[in-house]
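Structural features, examined
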Amino acid sequence: MIEADETFDGTWPFTPEFTDAAGFRQHYVDVGPRDGEPVVLLHGEPTWGYLWRHLIAPLSRSRRVIVPDHMGFGKSATPAGRGYLAEEHIGNLDALLVRELDLTDITLVMHDWGGPIGTGFALRHPDRVKRLFATNTVLPLGLPGYDELEAANIADSAWFRWAAAAQADGSLERILGNAGSTVCHLMLALQTITRPEIVTPIWVRAYSAHFGSPADCRGVIRFPQQLVAPDPADSPAPPDPEAVAALRAKPAVLVEGMQDTALLPRHIIPAFRLAYPDAPVIELSHSGHFTPEDAPRELLTALELFLHTS
């Protein structure tokens, strides 16, 4: 895990908080007024809370902003003997947001694997979630047609085509087990960042710092594996229809970076529309997969508008 006091030359100036509520040392940021409406920012693969650094301070002027690092990422620990499947990450988020912080009226802001993890949490606690803001992610609610769109994305995506081939030839764990050296290639080439000028030595160090050894890379390995080489024994139970209906009745929006080569807009937008046919979809034509990196100002503007009008 990254050292607690590491700021990456001041680009991550936020006071670290830690909890052992889920049975491991989990890092999170918790800033803004304690009586402010909570906004929870959820990262995905292969990032950590650093992804949201441009949004945290502006949002926290009037809202309570919580930014967890998933197990195996950022300043959170990478414990041995864990499965690192989505269901376990959902349980970890449950421990933090409910048992540790007891949050209600939550706005979930979700990117990449933050979408399935946040959606899983929301299905457990629809009474605690007020809004859903998705960016280059999916919100799996078990609706007809979703599995077909997910399969089509896996077949078409540069990221998942690579992951499937690497899993088949046995190189996936070796390559992702060296994520400290390969993380830039994974983010720029296979998932797409459209502003390569942001990739400075500090940026590289921030995103590679957690992955110092293969043992530190359990989380980054398991995210793609569970899609390109799923174990039927690990399939989650179908969601509760009442919880699905409750979530579909909540305000939602999708902000989509249209240059994404991991979660392709031609599949991801229809997947969102299955659950929210009348919700806004904002297309960012110049952004790749990592909208908080490629278009932080546009993303913040869209989120602020959503918070004020929904």
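Residues numbered from 1 in each chain as written. Predicted model: local features only at pLDDT ≥ 70, side-chain atom pairs only at ≥ 80, totals over all residues. Heavy atoms only, no water.

Quick look at helix α1 (residues 53-60) now. Owing to its 3.6 residues per turn, the α-helix brings residues three or four apart onto one side. α1 sits mainly inside the fold: 6 of its 8 residues count as buried. Of the residues making up α1, those classed as buried are Arg53, Leu55, Ile56, Pro58, Leu59 and Ser60. (Buried < 20%, exposed > 50% of the residue type's maximum accessible area, 1.4 Å probe, protein only. Helix = DSSP H or I, 4+ residues; strand = E, 2+ residues; numbered from the N terminus.)

The description of two aromatic rings rests on the distance between their centres and on the angle between their planes. Within the structure shown, the criterion is met by 14 aromatic pairs. An angle of 45° between the planes, with centres 6.2 Å apart, marks the rings of Trp12 and Tyr50 as tilted. Here Trp12, found in the segment before β1 (17-19), pairs with Tyr50, found in the loop between β3 (38-42) and α1; they are 38 residues apart in sequence, far enough to count as distant. For Trp12, a relative accessible area of 0% translates into the label buried. (Phe/Tyr/Trp six-rings, centres within 6.5 Å; stacked < 30°, edge-to-face > 60°.)

Burial runs high along strand β6 (residues 129-137): 8 of the 9 residues are buried. Here 7 bridges tie strand β5 (residues 106-112) to β6, and the two strands are oriented parallel to one another. Looking across to β6, one finds that Ile106 is bridged to Val129. In this view, the connection linking β5 to its parallel neighbour β6 by way of helix α3 (residues 114-124) has right-handed handedness. With 4 bridges connecting them, β6 and strand β7 (residues 252-257) associate as parallel partners. Considered in β7, the bridge of Ala134 is made with Leu254. (Pairing = 2+ DSSP bridges. Right-handed = clockwise from strand over helix to strand, strands pointing away.)

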